[in-house]
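What follows is each chain in one-letter form.
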Amino acid sequence: MNSCFINGIGCVSAQNTFENTFFEDAIDISNLNIVKAIKPNYKSFIPPASIRRMSAGVKNSIVASSVAIKEASADQLDGIIVGTGLGCIQDSENFLNKMIGYNEEYLTPTAFIQSTHNTVSGQIALKLKCKAYNFTYVNTGGSFQSALIDGLLMFEGEEANNILIGGVDEHAEYTNKLYQAIGYYRQDEEGKKNILKQRKSGVIPGEGASYFVLGNEQSDSTYAKILDVQLVNKLDQIDLPSFILDFLSKNELKLDEIDVVILGNNGDDEFDTYYDEASSIFESSTLLYYKHLFGEFLTSSSVATYIAAKILREQVIPEHLLGEQKVRKSDKIGNILIYNQYRGKDHSLILMEDV
Amino acid sequence: MDRGVAISGMGIVSAIGMNAKENFEALKKGQHGISEVELVDTILKENILVGEIKKSNQELEQILKLPTPNSFSRSSMLGMIAIKEAFRDAEIQVKDNTSMAFVNSTTVGGMDMVEKFYDSFLTDKKNQHYISVNDAGSNTHLMADYFNIKGFVTTISTACSSAANAIMLGARLIKSGRAEKVVVGGMDGLCKFTLNGFNTLMLQSNGFNKPFDDERVGLNLGEGAAYLILESQSSLQKRDKTPLAYLTGYANANDAYHQTASSEQGEGAFLAMKKAFEVAGIQPEQVDYINAHGTATPNNDLSEGRALLNFFENKIPDFSSTKPFTGHTLAAAASIEAVFSILALRENIIYPNLNFKTKMKEFDLTPQIEIKKKEVNTVLSNSFGFGGNCSSLIFEK
């Protein structure tokens, strides 16, 4: 059974994660109703003709994965595994708009081809000429975690040396309106929204693409080790503490050995109570938040994974992740636990350790 | 000896039947399920033939005794009918499901409902509940709730190989000890989105699809769902259950050639088969029957044919595509064909490749065209999809 190290990362998000200055400074997004990712310079990575044709999610994925692969110096990948909650929603919307708008006439294939859920993983394989294992998970708030679990299975089964794992979601205009209509996303509102303090119905939607090269060997570029990942689709709040405790004991860890817990609070008053429940059992761990800086999207825990990996390598906790909390442990950061759920479903735990 | 992963139950709905028995009877009689479009409101009705299940959504709701309004898509309802049969077959009660894992797959998800109400969603609140199944995973979650499954639940979408990959992940979950029982498979209902999409690609035939025929012009899209229950040996022993068959080999590889087309030599297909045999630890000559992907598009059958010839070094075992019976059911195809493969093992029968007349010019390859009784111990099933996605599964008695 092999270990699983994070050896390279590329993260395109609403913060300067791609430029790697996010730990020094955060951009205030609290006045936004829709949080968009900062566009990287696509031209350095993608031919101009493709830039026009590709949707944001595909472009961000190509850029982020290239950076991750370069950092890890992973010449050969034994797998490409992508998680995406909404898939290539811009192209789906595009094809739907035309199909319905023109009553099934005058349609062209491009948007349909690109709307396929596994477009991203297929495009990355095509770009790298990578004939290895290629999977795509589309499992709402558990898409990225499913990809991670698949990756862990590959290392446990000694099926791989290096694999690429990613989480990606993109905005699409009409789809955002639809989710606003059913209250999943907040209605547009004026002014600043402190989602960590003032809870309301619905979330502020975000987007992003985070890619990780996972390897079975530690190297100079190693950030951290992924110890375990668990995902269950449904959990009553009352069962959350035992879900966390069972997971930790399976990994031979006690509560006070978790130095940092990264929580997915997104300001939705109906479901943030899960995070309250989780927080209540960690008395000595430092609690961190990130969705007030990135928005909420179905693969947002990939951003939390980026944050955890960087904290473990640099042994620094950026103040802007603390919310109203304080650093409770000031010594060495050894273990980080990420807990996430989306609308009361897809409860996941990601456990990482420093190297 | 490592016998792979046991299959303890299966369920299927397709254009040739609402359960395994009906499907098998149709296969034996050579009765296909390809027809004109009746249930999808599309202007393409006159141009295409499809493998449509002639049951309206209301009829599916009645079969499942669903309360209305509900947010189940057509794909989900087809899936749930198949899963019910798989549970019955495996003799698993709904109350036992809490420790079960569920690996679903779909390409359509809730698109059939979204496209129906897309224009009116913002003005008509009545159908807004269908917005919640806009993403594929939410369909899976609703199904998991229906069956009281509360463990590891996920959804795969890799185009036309989706269900093969769901089956593969399920097997790996069991081998790793992460699960004891897993429901695996795929589902896809027909909808305007896919009919029009394949129409823009000019991949659909206006006649009956003819896999591996020189005059093949394209595929017939189909709809359906099929699921297997994969189970660990220890779990089977605990409840003294004899398995239907074993999944011994599985692999996925990428063609890395083109977003929608397969490479000329079928390199991805070759690699998937090669790895699957390595996992199974058996030799290619042990295969008694190949259930080919065989979509009847000019590109697939040429590429797959070449990959088969290369891999089996020109000595190809009996093979056929069953897509002339069901149509190409996209995400469900590999699990539907997994059920057909298991039935071939159990009943010692291999199925005809309907509509075949003329060998392709490019090579000397004739599929099985008559139903044939023979001892079947090992079956290879191939599935390939957009994004260069290629998967192979090996089933054994």
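Chain B has the name Beta-ketoacyl-[acyl-carrier-protein] synthase family protein in an unreviewed UniProt entry, where Brumimicrobium aurantiacum is given as its organism. Entered under Sequence similarities (unreviewed entry) in the UniProt record, the comment concerning chain B runs "Belongs to the thiolase-like superfamily. Beta-ketoacyl-ACP synthases family."

For chain A, the name recorded in an unreviewed UniProt entry is 3-oxoacyl-ACP synthase, with Brumimicrobium aurantiacum as its organism.

K.L.:
What's the story with the overall build of chain B in this structure? I'm lost.
P.N.:
Helix and strand counts for chain B come out as 12 helices and 14 strands. Taken over the C-alpha trace, chain B has a radius of gyration of 20 Å; the compact-globule value for 397 residues is 21 Å, and the two agree within 12%. In terms of its C-alpha atoms, chain B occupies a principal-axis envelope of roughly 60 × 55 × 40 Å. In chain B, of all internal contacts separated by at least 6 residues, the share reaching a separation of at least 24 is 78%.

K.L.:
Looking at this structure, I do not really get the overall build of chain A. What am I missing?
P.N.:
Helix and strand counts for chain A come out as 11 helices and 10 strands. Scaling as 2.2 N^0.38, a compact globule of 355 residues should have a C-alpha radius of gyration of about 20 Å, and chain A matches this with 19 Å. Considered along the principal axes of its C-alpha atoms, chain A spans approximately 60 × 50 × 35 Å. Here chain A, with 355 residues, has 65% of them falling under the buried criterion. Taking the contacts inside chain A whose residues are at least 6 apart along the sequence as the reference set, 78% of them involve residues at least 24 apart. With the model as given, the accessible surface of chain A reaches about 12,900 Å², and the carbon-plus-sulfur share is 46%.

K.L.:
Any chance you could explain the domain arrangement of chain A here in plain terms?
P.N.:
When the parts come together, some accessible area is lost, and that loss is often what is quoted as the size of the interface. All names here are of chain A. In terms of domains, chain A is made up of domain 1 (5-215) and domain 2 (227-353). The C-alpha-based centres of domain 1 and domain 2 are spaced at 21 Å. In this complex, domain 1 contributes 55 residues to the contact, which on the side of domain 2 involves 46 residues. On the domain 1 side of the contact with domain 2, Phe23, Leu196 and Arg199 bury the most area, a combined 20% of that side's loss. Where domain 1 packs against domain 2, one counts three salt bridges. Asp276 is paired through a salt bridge with Arg199; the nearest N and O atoms lie 2.7 Å apart. Here domain 1 and domain 2 share 18 residue pairs in polar contact (both at pLDDT 80 or more) between them. Counting only elements with at least two residues in the side of domain 1 that touches domain 2, the list comes to strand S1 (5-12), helix H6 (143-156), strand S4 (162-169) and strand S5 (208-215). Per element, the largest residue contribution to the side of domain 1 that touches domain 2 is seven residues, and it comes from H6. Residues that form the side of domain 1 that touches domain 2 fall into these classes: 24 nonpolar, 22 polar and nine charged.

K.L.:
How do you make sense of the UniProt feature "domain: Beta-ketoacyl synthase-like N-terminal" (unreviewed entry) in chain A when you look at a structure like this?
P.N.:
If you check UniProt for "domain: Beta-ketoacyl synthase-like N-terminal" (unreviewed entry), the listed places come out as residues 43-171 of chain A in our numbering. Counting secondary structure, residues 43-171 of chain A comes out at 52% helix and 14% strand; the distance between its end C-alpha atoms is 21 Å.

K.L.:
Looking at this structure, I do not really get the pairing of strand S3 (residues 101-105) of chain B. What am I missing?
P.N.:
Side chains on a regular strand alternate between the two faces of the sheet. Residue and element names in this part refer to chain B. Judged by how many residues are buried, S3 sits mostly within the fold: five of five residues are covered. Relative to strand S5 (residues 181-188), S3 is paired through three bridges, and the arrangement is parallel. Opposite Ala101, over in S5, you have Val182 as the bridge partner. With four bridges joining them, S3 and strand S4 (residues 153-156) adopt parallel strand pairing. Across the sheet, Phe102 pairs through a bridge with Val153, a residue of S4.

K.L.:
What am I meant to see in the interface of chain A and chain B here?
P.N.:
Listed by partner, the interface residues are 63 residues for chain A and 65 residues for chain B. The contact between chain A and chain B buries some 5,400 Å² in all, and 59% of this surface belongs to carbon and sulfur atoms. When the buried area of chain A at its contact with chain B is split by residue, Glu104(A), Phe112(A) and Lys131(A) rank highest and sum to 14% of it. Taken together, the connections running from chain A to chain B amount to eight salt bridges. Its salt-bridge partner being Arg172(B), residue Glu159(A) comes within 3.7 Å of it at the nearest N-O pair. The interface formed by chain A and chain B contains 32 residue pairs in polar contact (both at pLDDT 80 or more). At the level of secondary structure, the elements contributing two or more residues to the side of chain A that touches chain B comprise helix H3 (89-101), helix H4 (109-115), helix H5 (119-128), strand S3 (133-137), H6, helix H7 (173-181), strand S6 (224-234) and strand S10 (345-353) of chain A. Ranked by residues supplied to the side of chain A that touches chain B, first place goes to H3(A) with eight residues. A per-class count over the side of chain A that touches chain B returns 31 nonpolar, 19 polar and 13 charged.

K.L.:
Mind showing me how you'd approach unusual backbone geometry here?
P.N.:
A negative phi angle characterises most non-glycine residues, just as the trans form characterises most peptide bonds. That bond from Thr68(B) to Pro69(B) is cis: its omega, -5°, falls within 30 degrees of zero. In this structure, Pro69(B) sits in the loop between helix H2 (57-64) and helix H3 (74-90). Of note, the phi angle at Ser73(A) is positive, near 45°, even though the residue is not glycine. Along the polypeptide, Ser73(A) turns up in the loop between helix H2 (56-72) and strand S2 (79-83). What makes Ser73(A) exposed here is its relative accessible area of 54%. Residue Tyr106(A) is not a glycine yet carries a positive backbone phi of 55°.

K.L.:
What exactly am I supposed to notice about the packing of aromatic side chains here?
P.N.:
Describing an aromatic ring pair means giving the distance of the ring centres and the angle of the ring planes. For the coordinates displayed, the defined rule picks out 31 aromatic pairs over all chains. Centre to centre, the rings of Phe18(A) and Phe45(A) are 6.2 Å apart; their planes meet at 70°, and the pair counts as edge-to-face. Residue Phe18(A) is located in the loop between S1 and helix H1 (48-53), and its partner Phe45(A) is located in the loop between S1 and H1; the two are separated by 27 residues in the primary sequence. For Phe45(A), a relative accessible area of 26% translates into the label partly exposed. Look at Phe117(B) and Phe121(B): their rings are 6.3 Å apart centre to centre, the planes differ by 55°, and that puts the pair in the tilted class. Each member of the aromatic cluster is reached from another via a ring pair, and the members are Phe95(A), Phe112(A), Phe193(B), Phe198(B) and Phe386(B). In this structure, Lys310(A) is placed above the aromatic ring of Phe23(A), and the distance from its NZ or CZ to the ring centre is 5.2 Å. Over the ring of Tyr223(A) we find Arg313(A); its NZ or CZ atom is 3.8 Å from the centre of that ring.

Criteria and thresholds
- Counting from 1, residues in each chain are numbered in the order their sequence is written.
- Here the convention is simple: chains get letters from A, ligands get numbers from 1, in the order in which they are written.
- At least 70 in pLDDT is required for a residue's local features to be given in this predicted model, at least 80 for side-chain atom pairs to be given and counted, and no such filter applies to totals for whole chains, interfaces and linings, which use all residues.
- Think of the side-chain values as coming from all heavy atoms in the structure, minus any hydrogens and water.
- UniProt positions are given in the numbering used here, feature names are shortened, and annotations may be inferred rather than shown by experiment.
- Under the scheme used here, helices are H or I runs from DSSP no shorter than 4 residues and strands are E runs no shorter than 2 residues, and both carry numbers assigned from the N terminus.
- Taken over C-alpha atoms, the radius of gyration is set against a globule rule of 2.2 Å times the number of residues to the power 0.38.
- We call two residues in contact whenever any of their non-hydrogen atoms come within 4.5 Å of each other.
- Think of it in three bands: residues with accessible area under 20% of the maximum for their type are buried, residues over 50% are exposed, and the middle band is partly exposed, with areas taken using a 1.4 Å probe on protein chains only.
- Calculation of accessible area relied on Shrake-Rupley with a 1.4 Å probe; when residues are assessed, cover is drawn exclusively from the protein chains displayed.
- Domain start and stop points were drawn from an automatic or database domain assignment.
- When two parts are brought into contact, each loses some accessible area as probed by a 1.4 Å sphere; the total of that loss over both is the buried area.
- Here, a salt bridge means any side-chain nitrogen of Lys or Arg that lies within 4 Å of a carboxyl oxygen of Asp or Glu.
- Two N or O atoms form a polar contact when they lie within 3.5 Å of each other; inside protein one atom must be a possible hydrogen donor and the other a possible acceptor, and for residues adjacent in sequence the pair counts only when both atoms belong to side chains.
- Ten residues, namely Ala, Val, Leu, Ile, Met, Phe, Trp, Tyr, Cys and Pro, are considered nonpolar, four, namely Asp, Glu, Lys and Arg, are considered charged, and the remaining ones, Gly among them, are considered polar.
- Any two strands between which DSSP finds at least two bridges are classified as paired.
- Stacked, tilted and edge-to-face are the three classes assigned to paired rings of Phe, Tyr and Trp, where Trp is represented by its six-membered ring and a pair needs centres within 6.5 Å; plane angles under 30 degrees give stacked, over 60 edge-to-face, the rest tilted.
- By definition, being over a ring means that NZ of Lys or CZ of Arg is both within 6 Å of the ring centre and within 35 degrees of the ring normal.

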